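# Residue-level structural notes
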Amino acid sequence: MAPWSGFWGGKPGGDAYRGTPVVVKMENPNWSISEISSPEDDDEDILAAAAAAGRRNKGGRTKNAKQIRWVLLLKAHRAAGCLASLASAAVALGGAARRRVAAGRTDAEAGVVAAAGESPVVRSRFYAFIKAFLVVSLLLLAVEVAAYFNGWDLAASALALPAIGLESLYASWLRFRATYVAPGIQFLTDACVVLFLIQSADRLIQCLGCFYIHIKRIKPKPRSLALPDAEDPDAGYYPMVLVQIPMCNEKEVYQQSIAAVCNLDWPKSNFLVQVLDDSDDPLTQTLIREEVAKWQQQGARIVYRHRVLRDGYKAGNLKSAMSCSYVKEYEFVAIFDADFQPHPDFLKRTVPHFKDNDELGLVQARWSFVNKDENLLTRLQYINLCFHFEVEQQVNGVFLNFFGFNGTAGVWRIKALEDSGGWLERTTVEDMDIAVRAHLHGWKFIFLNDVECQCELPESYEAYRKQQHRWHSGPMQLFRLCLPDIIKCKIAFWKKANLIFLFFLLRKLILPFYSFTLFCIILPMTMFVPEAELPDWVVCYVPALMSLLNILPSPKSFPFIIPYLLFENTMSVTKFNAMISGLFQLGSAYEWVVTKKSGRSSEGDLIALAPPKEPVKHATRTGSAPNLDAVAKEEQQQQQLAASRKDAAAKKKEKHNRIYKKELALSMLLLTAAARSLLSKQGIHFYFLLFQGVSFLLVGLDLIGEQVE
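Residues numbered from 1 in each chain as written. Predicted model: local features only at pLDDT ≥ 70, side-chain atom pairs only at ≥ 80, totals over all residues. Heavy atoms only, no water.

In terms of regular secondary structure, the chain is built from 21 helices and 12 strands. Counting across all 709 residues of the chain, residues that qualify as buried make up 49%. Of the contacts made within the chain by residues no fewer than 6 positions apart, 79% connect residues no fewer than 24 positions apart. Summed over all atoms, the accessible surface of the chain reaches about 35100 Å², with 60% contributed by carbon and sulfur. (Helix = DSSP H or I, 4+ residues; strand = E, 2+ residues; numbered from the N terminus. Buried < 20%, exposed > 50% of the residue type's maximum accessible area, 1.4 Å probe, protein only. Contact = heavy atoms within 4.5 Å. Areas by Shrake-Rupley, 256 points an atom, 1.4 Å probe, with all protein chains shown as cover.)

Put into structure tokens, the structure is as follows:
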């Protein structure tokens with residue numbers, strides 16, 4: 001091969017051609033060039049470098065410029081491997097997307113709309129807005145690409161009007177954009193940034209409060225400890241406790257919840273279990289009724305209640321149960337949703353806090369999750385809920401004696417419920433409603449971070465989406481109803497300010513508003529209107545810091561910090577839509593959809609909690625003749641169980657994927673904005689828009705979580 005000439009080569013024409021000395025590290029296959037000396041260097045330096053290279057190379061040969069080519073070829077080979085893997089991943093994603101589109105159902109189908117609890121009119125308007133925004137962005141991208149390849153200088157075109165042609169129209173658009181469009185976007189950007197910083201400061205203060213609690217080891221303790229002897233009710237503090245299990249078509253989890261509650265370590269005569277069944281499926285009603293009868297035969301004090309008219313959803317169910325005449329005999333009520341399984345010592349660790357503390361109205365336990373590692377969706381939910389309990393609930397409980405009731409895994413003083421007006425059917429967040437009204441009446445709350453109650457997380461995006469819609473529309477609906485009462489209430493001013501500005505506005509309204517507006521609307525707009533700027537620290541650094549704070553309570557989830565950040569921005573679409581629905585009292589704010597359960601408790605847990613089997617007693621028959629009634633009943637139960645399993649298997653086969661059009665439209669919008677950012681070299685904006693667009697695409701094609709029925 002002919003030697004190189006020019007800057008990298010030696011002097012041409014000489015007999016003693018001397019290559020350029022190069023020092024190359026060869027200890028491992030990842031070669032790197034440490035030093036390159038040029039002919040302009042001093043001869044002694046060149047010789048010293050060559051000698052050093054020769055000592056490192058056992059062959060004694062000096063390194064010349066040819067090795068640069070080999071090193072670069074190796075680098076290129078590695079880069080090509082990375083590109084090939086990226087291309088393979090892109091092809092796999094495209095194939096999965098094609099299969100999902102072919103086999104999926106859109107969320108606009110009639111049956112899905114009814115199940116999603118959203119008004120078709122509101123859904124179409126919101127989706128129409130996103131589609132219009134996408135069309136405009138595509139047109140602007142086409143204009144910018146044309147301007148880029150035609151060599152129209154942006155700054156010059158904005159200052160001087162060309163004589164004729166398309167460049168004149170482009171220059172006019174730039175002037176109009178800078179004069180009229182950019183100021184409005186910049187104002188909205190600055191407003192959202194201010195809200196973002198306020199909410200970030202609130203989260204940081206909460207984390208500092210949690211850190212202080214851990215450093216000082218602050219932990220709620222009962223004022224008077226109860227004696228541990230549960231066999232003699234007169235020996236300790238064992239008040240009358242009513243345990244309620246509200247459920248509705250909970251075929252997958254009713255056995256484990258009933259078994260866990262019936263095995264609570266509390267004097268049998270001092271607690272009663274109410275199974276509040278709102279199921280409209282006759283088979284489910286029969287199965288739950290028989291499960292209750294089975295535990296009654298084993299000596300458990302448990303009753304079955306079923307409402308014919310399901311008015312008020314869960315709130316109506318609880319209200320109906322509290323109207324029973326025997327409730328007046330009980331002092332406390334513990335509430336567990338159908339998928340919750342308290343530990344046997346749950347009442348022993350919660351009820352003693354009420355002793356000698358007449359101002360205490362609620363003791364709330366935290367949740368633990370049996371399926372937090374089931375898939376990516378459950379892992380991301382686990383991060384959110386860990387922060388909610390570890391930081392939000394614990395800090396508010398310690399410093400404010402107030403927090404939102406979680407609707408389950410809590411013990412209420414019945415007097416506090418009655419004093420606050422009881423369960424009301426005016427919202428879909430009856431738990432938050434009763435907590436706010438109890439706080440306005442002066443009752444205090446305690447959160448026990450070390451008392452856990454086992455439950456399960458939604459494993460499909462559809463179930464999680466419905467749950468989040470209710471959790472974010474209900475608070476805004478409640479805020480409208482409670483605001484006059486909060487203003488008129490005779491409580492301290494700082495308590496009113498905490499309720500209005502922190503509990504409702506900042507954490508329930510501002511958070512979903514700026515998350516959607518800032519990262520899904522403003523950020524893409526700033527790519528097409530570069531005169532309005534969104535700083536890098538708003539796009540990357542502050543969100544990364546907030547995500548890091550969110551993930552601290554669950555340090556094992558640290559590898560998921562980036563997916564968590566992207567997924568939270570993706571969920572802002574659903575949360576924003578729900579917030580608007582609740583704030584303006586739209587139809588979907590009043591819909592309640594029961595979160596689909598999968599029954600993830602192990603069979604070993606069910607066996608351990610099951611009552612001991614006893615031989616059938618023949619009260620009316622004698623001799624060796626078989627009990628035909630018992631045999632017939634057992635055969636009927638077996639047939640019902642087989643039919644239930646067959647029905648469940650059939651439903652399992654009917655599982656399918658859904659296509660979420662709003663998320664898909666936003667993914668196209670963000671990817672379009674990412675392409676536009678390449679023209680103006682926006683740096684970190686491109687990567688954020690790219691990955692956020694891919695995140696919306698994965699969610700829109702239902703590639704996260706399990707399939708749904």
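That covers the picture; the talk isn't over yet.
What follows covers the pairing of strand β5 (residues 271-277). Counting buried residues along β5, seven of its seven residues qualify, which places the element largely inside the surrounding structure. Of the two faces of β5, the one holding F271, V273, V275 and D277 and the one holding L272, Q274 and L276 are both buried throughout. Bridge analysis of strand β4 (residues 241-247) against β5 gives seven bridges, and the strand direction is parallel. Each bridged residue has a counterpart across the sheet, and for Q244 the counterpart in β5 is Q274. (Pairing = 2+ DSSP bridges.)

On to helix α6 (residues 166-216). Between its terminal C-alpha atoms α6 stretches 69 Å, which fits the 75 Å expected from 51 residues at 1.5 Å a residue. At V181, α6 is bent by approximately 45°, the largest bend along its length, and proline P183 sits one to four residues beyond. After α6 finishes, the residue R217 shows a positive phi value of roughly 55°. (Expected span 1.5 Å × (residues − 1). Bend = angle between axes of the 7 residues up to and from the residue.)

All right, on to the packing of aromatic side chains then. Pairs of aromatic rings are described using the distance from one ring centre to the other and the angle between the two planes. Taken as a whole and assessed by the stated rule, the structure comprises 28 aromatic pairs. A centroid spacing of 5.4 Å and a plane angle of 85° characterise the contact between Y148 and F149, whose relative ring orientation is edge-to-face. As far as burial versus exposure is concerned, Y148 and F149 are alike and both exposed. An angle of 45° between the planes, with centres 5.1 Å apart, marks the rings of F196 and Y514 as tilted. Taken as a pair, F196 in helix α6 and Y514 in helix α15 (residues 493-528) lie far apart in primary sequence, 318 residues in all. For the residue pair F196 and Y514, the accessibility class agrees, reading buried in each case. Joined through ring pairs, the aromatic side chains of F340, W367, F389, F402, F403, F405, W412, F445, F447, F479, F503 and F504 make up one cluster. (Phe/Tyr/Trp six-rings, centres within 6.5 Å; stacked < 30°, edge-to-face > 60°.)

This part is about the pairing of strand β10 (residues 410-413). The alternating pattern of β10 places G410 and W412 and V411 and R413 on opposite faces, both of which are buried. Where strand β7 (residues 332-335) meets β10, four bridges bridge the pair, whose relative direction is antiparallel. Across the sheet, residue V333 finds its bridge partner in β10, namely W412. The pairing of strand β9 (residues 360-369) with β10 spans three bridges and is antiparallel. When the sheet's bridge partners are listed, Q364 is paired in β10 with G410.

What follows deals with the side chain of Q206. Tracing the chain through its elements places Q206 in helix α6. Under the relative-accessibility criterion, Q206 is labelled buried at 5%.

Okay, the sheet that holds β7 next. Strand order across the open sheet formed by eight strands is β6-β5-β4-β7-β10-β9-β11-β8, with mixed pairing between neighbours. Among the strands making up the open sheet, the edge pair consists of β6 (302-306) and β8 (341-342). Running at roughly 175° to β4, helix α7 (residues 254-262) makes contact with β4, β5, β6 and β8 of the sheet. (Axes fitted to C-alpha atoms, helices over the stretch in contact; angles between N-to-C directions.)

Between α15 and helix α20 (residues 661-680), the least distance of the axes is 8 Å, while the angle of their chain directions is 35°. Considering only the axes of α15 and α20, their crossing is left-handed. Here F516, F519, C520, P524, M527 and F528 of α15 come into contact with α20, specifically with L666, L669, L670, T672, A673, R676 and S677. (Left-handed = near helix turned anticlockwise from the far one by under 90°.)

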